[in-house]
Amino acid sequence: MEDKGAKEVRGSWSSRFGFIMAAAGSAIGLGNLWGFPYKLGANGGAVYLFIYVILVFVVGCVVILGEIAIGRKTQLSAVGAYRSFGKRYSILGYAGIVCGFIILSFYSVVASWGIKYFFTYFGQIFTGQHIQNSGEFLTSFISGTAQPLFYHGLIMAVTVFIVALGIQKGIDKTTSVLMPMLFVMLVILAIRSLMLPNAAEGLKFMFKPDFSVLKDGGFGKVLSAALSQVFFSLSIGMGVMLTYGSYLKKDTNLVKSSLIIPIMDTVAAILAGIVIMPAVFSYGLDPTGGPTLLFVVMGEVFASMPFGSVIGCVFYLLVVFAAVTSTISILEGITAFFVDEKGTDRKKAAIISGIAIFLCGIPVALSFGLLSDVTLPALNGSQLPILDWYDYVSEYVIMTLGALAMCILVGWVWKPKVVIDEVTRYNDSFKLAGVWSFLIKYITPVLVLLTFLTSAGFIKL
Ligand code: TRP
């Protein structure tokens, strides 16, 4: 029997599998396919990977366990959950909501480019024509007005639709189908990439350690690139995982989940690198192309590859799947707030938030065209283009501070026992409870603080 009352209205996952797929779906997204491979390449290859993996365990798993446990304990989304510890803590939940708005506003824009590319490649399979110059193709698309807005609207509409359907019928069902497909596609594409001539060069670029990046203040840069990637990639620090945790039934082992989700996320990121880097090297292209890697560079790869249109079509479908399982999690974090706190009907909450985010994303969608001259200030005094600024404020500022605040509260104010009790409440064992407490009290917050100070330009490591 389902619990009666409020919980029935809130919904819950159909099974442990449903929860893991939804959470992994939230984690695995553009951050893995687009951010990770190029950051890996640009920050010393294996050196970055090594630091990244350590941070996934020392920070990622620690924070994700805290978030999921607080969610399950309180059965509430971020604002309510934090408020249950005291009124003043609700600000942490609100920060998460604001952060979600900002992230989704730019994330949906980049994700929407994936839809445009999917349609384009799909069309090419039939017309037999190819994009002539992929750089020009991207520029002419994103510097337009109507098309970027249309695709941005489309992805938000799909996101709203799934979230409006609810936890089980919407998010759980969608991610349980898309995530296994995504892994299959990733593996197939990785094998294809490894068979290309010169593939080994790409692997060398990704995995060969280049220690020179650590010199002259480089360590701080690599550290902050890796740590912000951990937060973004695992969707932690702003209450999304907490909200997903709040739909858990009692039978899910929180410790195992907090390991499985980050491991799946890291595997997906490395696989994405294995799809992209060998192809980039095989065709003699620039691997440090940053954000354009996923569209421009890969576009060139597909143009030169036999059956490039089919493979490109699958690749961009993968991008869209990965992105949508993430966009729905962000919108869910916001929708759940209105449902839990204001008693708003789920559909209405999803639609209204979706429209607000669409509007907030308009400047981003137009930032390569009409608004290409606009820049906004960062903490270290530099000026950033609109898309980078949205990314910066959410990823580097709010999520980092959000995770820091959570660690301090759980570690020092509410004490680790709060989480340990929740984890072991249904007789699950937590052998590493001591280690976890130590990490969340001393190690995680210090690392997060150091990184924040370095990336804000206050200190140099
Ligand atoms: N983790 C996703 C990615 O790697 C993006 C994402 C989804 C996210 N939900 C989030 C980022 C919540 C921050 C917060 O692409």
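Since the structure is predicted, the reported quantities are computational estimates derived from the model, not experimental observations.

A.B. asks: Honestly, the overall build of the chain in this entry has me stumped. Any pointers?
C.D. replies: Scanning the chain from N- to C-terminus turns up 19 helices and 2 strands. Taken against the 2.2 N^0.38 rule, which gives 23 Å for 461 residues, the C-alpha radius of gyration of the chain at 21 Å falls within 12% of a compact globule. Buried positions account for 60% of the 461 residues belonging to the chain. For the chain, long-range pairs separated by at least 24 residues make up 80% of all intrachain contacts whose partners lie at least 6 apart in sequence. With 31 positive and 24 negative side-chain charges, the chain shows a spacing of 8 Å between the two charge centroids.

A.B. asks: What am I meant to see in empty space enclosed by the protein here?
C.D. replies: In this approach the atoms are scanned with a rolling probe the size of a water molecule, which exposes any empty space left behind. Under the criterion given, the structure shown has 5 cavities of 30 Å³ or more. Taken together, 18 residues make up the lining of the largest cavity; nearest its centre are Ser26, Tyr107, Phe232, Ser235 and Ile330. Considering only residue class, the lining of the largest cavity consists of 10 nonpolar, 8 polar and no charged. In this model, the second largest cavity occupies a volume close to 90 Å³. What lines the second largest cavity is a set of 14 residues, among which Tyr82, Leu92, Gly237, Met238 and Gly239 lie closest to the centre. By residue class, the composition of the lining of the second largest cavity is 8 nonpolar, 5 polar and 1 charged.

A.B. asks: Help me understand the site of the ligand, please; the structure alone is not making it clear to me.
C.D. replies: Lining the immediate environment of the ligand, one finds 17 residues, of which Ala27, Gly31, Tyr107, Phe232 and Ser233 sit closest. Within the contact set of the ligand, an oxygen atom lies 3.3 Å away from a side-chain nitrogen or oxygen of asparagine 32. Here the ligand has 360 Å² of accessible area as a free molecule, and 100% of this is covered by the chains. Given that more than half its atoms are within 2 Å of the pocket grid, the ligand belongs to the largest cavity. Counting only elements with at least two residues in the shell around the ligand, the list comes to α2 (16-27), α3 (30-42), α6 (90-127), α11 (218-234) and α15 (308-342).

A.B. asks: Would you mind going over the nonpolar core with me for this structure?
C.D. replies: Taken as a class, soluble globular proteins show a tendency for nonpolar side chains to be buried jointly. Counting residues in each nonpolar core, the largest one holds 165 residues, and the members touching the most others are Phe315 and Tyr316. Per element, the largest residue contribution to this core is 17 residues, and it comes from α15. Residues within four places of tyrosine 316 in sequence aside, it is in contact with Gly114, Tyr117, Phe118, Tyr121, Leu294, Phe295, Met298, Gly299 and Phe302.

A.B. asks: For this particular structure, what's the right way to read the layout of surface pockets?
C.D. replies: By volume, the largest pocket amounts to about 1,000 Å³. For the largest pocket, the lining is made up of 42 residues, of which Tyr38, Leu384, Asp388, Asp391 and Tyr396 are closest to its centre. For the lining of the largest pocket, the secondary structure elements donating two or more residues are α3, α6, α7 (134-142), α11, β2 (383-385), α17 (386-413) and α19 (433-455). When residues of the lining of the largest pocket are assigned to their parent elements, the largest contribution, 7 residues, is made by α17.

A.B. asks: Sorry if this is basic, but what is going on with a nonpolar patch on the surface here?
C.D. replies: On the surface, Phe122, Ile125, Phe126, Phe307 and Val310 cluster together into a nonpolar patch covering about 550 Å² of accessible area. Its place among the elements puts isoleucine 125 in helix α6.

A.B. asks: So what exactly am I meant to see when it comes to helix α4 (residues 46-74) here?
C.D. replies: Structurally, the α-helix is built with 3.6 residues per turn, so residues lying three or four positions apart point the same way. Here α4 spans 40 Å end to end across 29 residues, near enough to the 42 Å set by a 1.5 Å rise per residue. Maximum bend of α4: about 40°, positioned at valine 56. Count one or two residues on from α4 and you reach glutamine 75, which has phi positive near 55°.

A.B. asks: Quick question: what am I supposed to make of the state of the cysteines here?
C.D. replies: Such a bond, covalent and formed between the sulfur atoms of two cysteines, is termed a disulfide. The tally for this structure, following the rule as stated, stands at 0 disulfides. The thiol sulfur of cysteine 61 is not disulfide-bonded, and the nearest other cysteine sulfur, from cysteine 407, lies at 13 Å. On the accessibility criterion, cysteine 61 (7% relative accessible area) is buried.

A.B. asks: Just to check I follow, could you spell out unusual backbone geometry for this structure?
C.D. replies: Glycine aside, residues mostly have negative phi, and peptide bonds are mostly found in the trans state. In the Ramachandran plot, asparagine 198 falls in the positive-phi region, its phi being about 70° despite a non-glycine side chain. Since its relative accessible area comes to 49%, asparagine 198 is described here as partly exposed. The phi angle at asparagine 427 is positive, at roughly 70°, despite the residue not being glycine. By the secondary structure assignment, asparagine 427 is in the loop between α18 (417-423) and α19.

A.B. asks: Can you help me understand the pattern of salt bridges in this one?
C.D. replies: Proximity of charged atoms lets side chains of opposite charge pair with each other. Counting across every chain of the model gives 8 salt bridges. Lysine 204 serves as the salt-bridge partner of glutamate 201, at 3.6 Å between the closest nitrogen and oxygen. One end of the pair, glutamate 201, and the other, lysine 204, are both in helix α10 (residues 199-207), 3 residues apart, so they sit about a helical turn from each other. Residue classification places glutamate 201 among the partly exposed residues on the basis of a relative accessible area of 33%. Note that aspartate 421 is salt-bridged to lysine 417, the shortest N-O span being 2.9 Å. Of this pair, aspartate 421 and lysine 417 both sit in helix α18, 4 residues apart, which is roughly one turn of the helix.

A.B. asks: Looking at this structure, I do not really get helix α13 (residues 254-282). What am I missing?
C.D. replies: Its 29 residues place the ends of α13 42 Å apart at the C-alpha level, agreeing with the 42 Å of an ideal helix rising 1.5 Å per residue. By the criterion of burial, α13 is predominantly enclosed, with 22 of the 29 residues buried. Here α13 starts with a cap whose side-chain oxygen sits 3.0 Å from the backbone nitrogen of valine 255, and that cap is asparagine 253. Of the residues one or two after α13, glycine 284 is the one with positive phi, at around 65°.

A.B. asks: Is there a simple way to explain the environment of leucine 387 in this structure?
C.D. replies: Secondary-structure assignment places leucine 387 in helix α17. Residue classification places leucine 387 among the buried residues on the basis of a relative accessible area of 8%. For the pair leucine 387 and glycine 11, spaced 376 residues apart in sequence, the C-alpha to C-alpha distance is 34 Å. If sequence neighbours within four positions are ignored, leucine 387 has contacts with Phe106, Val110, Val364, Ser367 and Phe368.

A.B. asks: Would you mind showing me how to read the environment of phenylalanine 338 here?
C.D. replies: Within the secondary structure, phenylalanine 338 sits in helix α15. Classification of phenylalanine 338 as partly exposed rests on a relative accessible area of 26%. Counting along the chain gives 259 residues from phenylalanine 338 to valine 79, while the straight-line C-alpha distance between them is 9.9 Å. Ignoring sequence-local partners within four residues, the contact set of phenylalanine 338 consists of Gly343, Thr344, Ala349 and Ser353.

Cut-off values and rules
Residues numbered from 1 in each chain as written. Predicted model: local features only at pLDDT ≥ 70, side-chain atom pairs only at ≥ 80, totals over all residues. Heavy atoms only, no water. Helix = DSSP H or I, 4+ residues; strand = E, 2+ residues; numbered from the N terminus. Rg over C-alpha atoms; globule rule 2.2 N^0.38 Å. Buried < 20%, exposed > 50% of the residue type's maximum accessible area, 1.4 Å probe, protein only. Contact = heavy atoms within 4.5 Å. Lys, Arg positive; Asp, Glu negative; His and termini not counted. Charge placed at Lys NZ, Arg CZ, Asp CG, Glu CD. 1 Å grid on protein atoms, 1.4 Å probe; cavity = no way out; pocket = protein on both sides within 12 Å on 5 of 7 lines; lining within 4 Å. Points joined across faces, edges and corners; volume = space filled by probe spheres on them. Nonpolar A, V, L, I, M, F, W, Y, C, P; charged D, E, K, R; others polar. Near = heavy atom within 4 Å. Polar contact = N/O pair within 3.5 Å; in protein donor to acceptor, adjacent residues only side chain to side chain. Areas by Shrake-Rupley, 256 points an atom, 1.4 Å probe, with all protein chains shown as cover. Sits in = over half its atoms within 2 Å of the grid points. Core = buried A, V, L, I, M, F, W, Y, C linked by side-chain atoms within 4.5 Å. Patch = residues over 30% accessible without salt bridge, like charges linked within 9 Å, V, L, I, M, F, W, Y side chains within 5 Å. Salt bridge = Lys/Arg side-chain N within 4 Å of Asp/Glu carboxyl O. Expected span 1.5 Å × (residues − 1). Bend = angle between axes of the 7 residues up to and from the residue. Disulfide = S-S within 2.5 Å.

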